[in-house]
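Each chain is listed here by its residues.
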Amino acid sequence: MSLKIRLARGGAKKRPYYRIVVADSRSPRDGRFIDKIGTFDPLKPKDAADRFILDTEKAKAWLAKGAQPTDRVARFLDSLDLVKRAARNNPNKAVPGKKAQERAAEAAKAAEAAAAAATTE
């Protein structure tokens, strides 16, 4: 059985509240879980003390048993120095798509032609 440390969503519509739980990876996001080890309230200010609460002893114990944190939970655990999370980088994310590049090339040609026509007159 592979275990995941992940977020389980609660709260009302557009008012999320998350529990940090240890669950079997096959169970649904908000379904059955094994242990609740913390909470996360994204609506509170980032500097609020009770925005993110985690029982570090339970987290260490579950990590020792082989539970794998999800990306978001790994970010939280990294902030507490429990898990080392490798920084992610996608340099191609900012590159425009093929259609946008084609439109930019056409616009550059049109601007170049207009500039050439203005200099000949």
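Whatever comes next refers back to the structure up there.
Residues numbered from 1 in each chain as written. Predicted model: local features only at pLDDT ≥ 70, side-chain atom pairs only at ≥ 80, totals over all residues. Heavy atoms only, no water.

(A) Structural detail: the side chain of D24. Counting through the fold element by element, D24 comes out in strand β2 (residues 15-24). At a separation of 2.9 Å, a polar atom in the side chain of D24 contacts the side chain of R26. (Helix = DSSP H or I, 4+ residues; strand = E, 2+ residues; numbered from the N terminus. Polar contact = N/O pair within 3.5 Å; in protein donor to acceptor, adjacent residues only side chain to side chain.)

(B) Molecular detail of the packing of aromatic side chains. Taken as a whole and judged by the stated rule, the model has three aromatic pairs. Relative to F76, the ring of F40 has its centre 4.8 Å away and its plane inclined at 50 degrees; by these criteria the two rings are tilted. Taken together, the positions of F40 in strand β3 (residues 35-40) and F76 in helix α2 (residues 71-79) put the pair 36 residues apart, joining distant regions of the chain. In this structure F40 comes out as buried when scored by relative accessible area, which is 9%. Of note, K65 hangs over the ring of W62, and the distance from its end group to the ring centre comes to 4.4 Å. (Phe/Tyr/Trp six-rings, centres within 6.5 Å; stacked < 30°, edge-to-face > 60°. Buried < 20%, exposed > 50% of the residue type's maximum accessible area, 1.4 Å probe, protein only. Lys NZ or Arg CZ within 6 Å of the ring centre and 35° of its normal.)

(C) Focus on the pairing of strand β1 (residues 3-12). In this sheet, β2 lies alongside β1 in antiparallel orientation, the contact comprising ten bridges. Its bridge partner being in β2, K4 is matched across the sheet by A23. Counted between consecutive antiparallel strands, the loop separating β1 from β2 contains two residues, among which K14 sits at a positive phi close to 65 degrees. Of the strand pairs in this sheet, β1 and strand β5 (residues 68-69) are connected by two bridges, and their pairing is parallel. Residue I5 lies in a different strand from β5, and its bridge partner there is P69. (Pairing = 2+ DSSP bridges.)

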